[in-house]
Amino acid sequence: MNTTTLKRKFSIERTAILIRNRAFEDLPGILIGAGLLLGINLLSIVAAKRAVFNDGSGQAWTFFLLGAGILFSSYAFKGMHDGKSGLDWILLPATPLEKYLAALIEYIILYPLVGAALTLGLSALLSLFESMAGGRGGRIWMPGFSDALRAWGEYAVVALWFLAGSATFRRKSFLKSAGVLMAYMLVMMIGFFLVLASRRSSANGVVLNEMFYMNGRNGFIGGSFPEAVQSALGTVVDVLRYAVLPVFSLGYGYLRVVEKEVRDEVQ
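Bear in mind the structure is a predicted one, so any value in this text is a computation, not a measurement.

### A look at the environment of Leu-120
- Locating Leu-120 in the fold gives a position in helix α5 (residues 96–132).
- Leu-120 sits in the partly exposed class, given a relative accessible area of 30%.
- Along the sequence, Leu-120 and Trp-141 sit 21 residues apart, while their C-alpha atoms lie 5.9 Å from each other.
- Contacts of Leu-120, omitting those with residues within four sequence positions, involve Ile-140, Trp-141 and Met-142.

### Examining the packing of helix α2 (residues 12–48) against helix α3 (residues 59–74)
- Running from N to C, α2 and α3 cross one another at 155 degrees; their axes reach a closest spacing of 12 Å. Considering the angle they form, α2 stands roughly antiparallel to α3. The two elements α2 and α3 meet at a crossing, and its hand is right-handed. Contacts between α2 and α3 pair Asp-26, Gly-29, Ile-30, Leu-37 and Asn-41 from the former with Trp-61, Phe-64 and Phe-72 from the latter.
- Along the lines of polarity and charge, the residues of the contact of α2 with α3 split into 5 nonpolar, 2 polar and 1 charged.

### Focus: the nonpolar core
- Within the largest apolar cluster, 35 residues are counted, with the highest numbers of intra-cluster contacts made by Trp-61, Phe-77, Tyr-107, Ile-108, Tyr-155 and Leu-163.
- Mapped by element, the contributors of at least two residues to this core are α2, α3, α5, α6 (145–168), α7 (173–204) and α8 (227–266).
- With 9 residues, the single largest contributor to this core is α6.
- Apart from residues no more than four positions distant in its own chain, Leu-163 is found in contact with Ser-73, Ala-76, Phe-77, Ala-103, Leu-104, Tyr-107 and Ile-108.

### Re a nonpolar patch on the surface
- There is a patch of nonpolar side chains on the surface, built from Ile-109, Leu-110, Leu-113 and Val-114 and spanning about 370 Å² of accessible area.
- Its place among the elements puts Val-114 in helix α5.

### Looking at the packing of aromatic side chains
- Counting across every chain of the model gives 11 aromatic pairs.
- Between Phe-63 and Phe-64 the ring centres are 5.4 Å apart and the planes differ by 90 degrees, which places this aromatic pair in the edge-to-face class.
- On the basis of relative accessibility, which here comes to 61%, the residue Phe-63 falls in the exposed class.
- Arranged with centres 6.5 Å apart and planes meeting at 35 degrees, the rings of Tyr-111 and Tyr-155 form a pair that is tilted. You can see Tyr-111 sitting in helix α5 and its partner Tyr-155 sitting in helix α6, a full 44 residues away along the chain.
- Looking at Tyr-111, the relative accessible area reads 11%, which means it is buried.
- Among the aromatic residues, ring-to-ring pairing joins Phe-53, Trp-61, Phe-63 and Phe-64 into one connected group.

### Concerning the side chain of Ser-11
- In this structure, Ser-11 sits in the loop between α1 (3–7) and α2.
- There is a polar contact of 3.2 Å between the side chain of Ser-11 and the backbone nitrogen of Glu-13.

Parameters at a glance
- Residues numbered from 1 in each chain as written.
- Predicted model: local features only at pLDDT ≥ 70, side-chain atom pairs only at ≥ 80, totals over all residues.
- Heavy atoms only, no water.
- Helix = DSSP H or I, 4+ residues; strand = E, 2+ residues; numbered from the N terminus.
- Buried < 20%, exposed > 50% of the residue type's maximum accessible area, 1.4 Å probe, protein only.
- Contact = heavy atoms within 4.5 Å.
- Axes fitted to C-alpha atoms, helices over the stretch in contact; angles between N-to-C directions.
- Parallel < 35°, antiparallel > 145°, perpendicular 65-115°, else oblique.
- Left-handed = near helix turned anticlockwise from the far one by under 90°.
- Nonpolar A, V, L, I, M, F, W, Y, C, P; charged D, E, K, R; others polar.
- Core = buried A, V, L, I, M, F, W, Y, C linked by side-chain atoms within 4.5 Å.
- Patch = residues over 30% accessible without salt bridge, like charges linked within 9 Å, V, L, I, M, F, W, Y side chains within 5 Å.
- Areas by Shrake-Rupley, 256 points an atom, 1.4 Å probe, with all protein chains shown as cover.
- Salt bridge = Lys/Arg side-chain N within 4 Å of Asp/Glu carboxyl O.
- Phe/Tyr/Trp six-rings, centres within 6.5 Å; stacked < 30°, edge-to-face > 60°.
- Polar contact = N/O pair within 3.5 Å; in protein donor to acceptor, adjacent residues only side chain to side chain.

This is the structure in structure tokens:
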């Protein structure tokens, strides 16, 4: 990194260095996780001649891959809250935007890609071991493009929330972020339930005593609600889930990083 680069307000080179440093910090955890999954499946091959994670359509691989990414995201900004490492964070020759962007690229884009490649390799290796042990073999985790894109979209929304939580909470950021997210979802569901209850009550003149449940994008089902109402509510849910939540998480998380840096610089 040269003097010209250090004087720039935004530098791709500085951001790339931050991403590289994050990758080296996360590498031991990723390798430990991969070793744990490999060990579990090898034990299942020895015991039952089948790699348990390759069973079915490989949902277990997807669950652990995305779950680990969310866990990493929840501790993305742990360093800026601690004593000595917090000072190191402030002294990094990078702007708050570069620091936040490095975490965003690392956990929203690079981790899913690299993690998926690593998962595919593990699944293929275990399938080979399964065949060598006299098992079925030939089962490799490889989701279709549309399924992978849908899973990534769901992951990105939640990971953005946990990134914001990591920038906000000094301790137990994962648990606190999860708790706030559950509270948000609960309030949203109660609000929709009350809206539907008031519509049904006014339409039929009766008190609701039925249970309503979510059915994907179709909204709340149960009772004779018009299809248009269900579709409209489903659209609102999608907007709150895939637009409002990630945009809020993105902006709030970045502002918390800026606030922390400005406050520490003043001190």
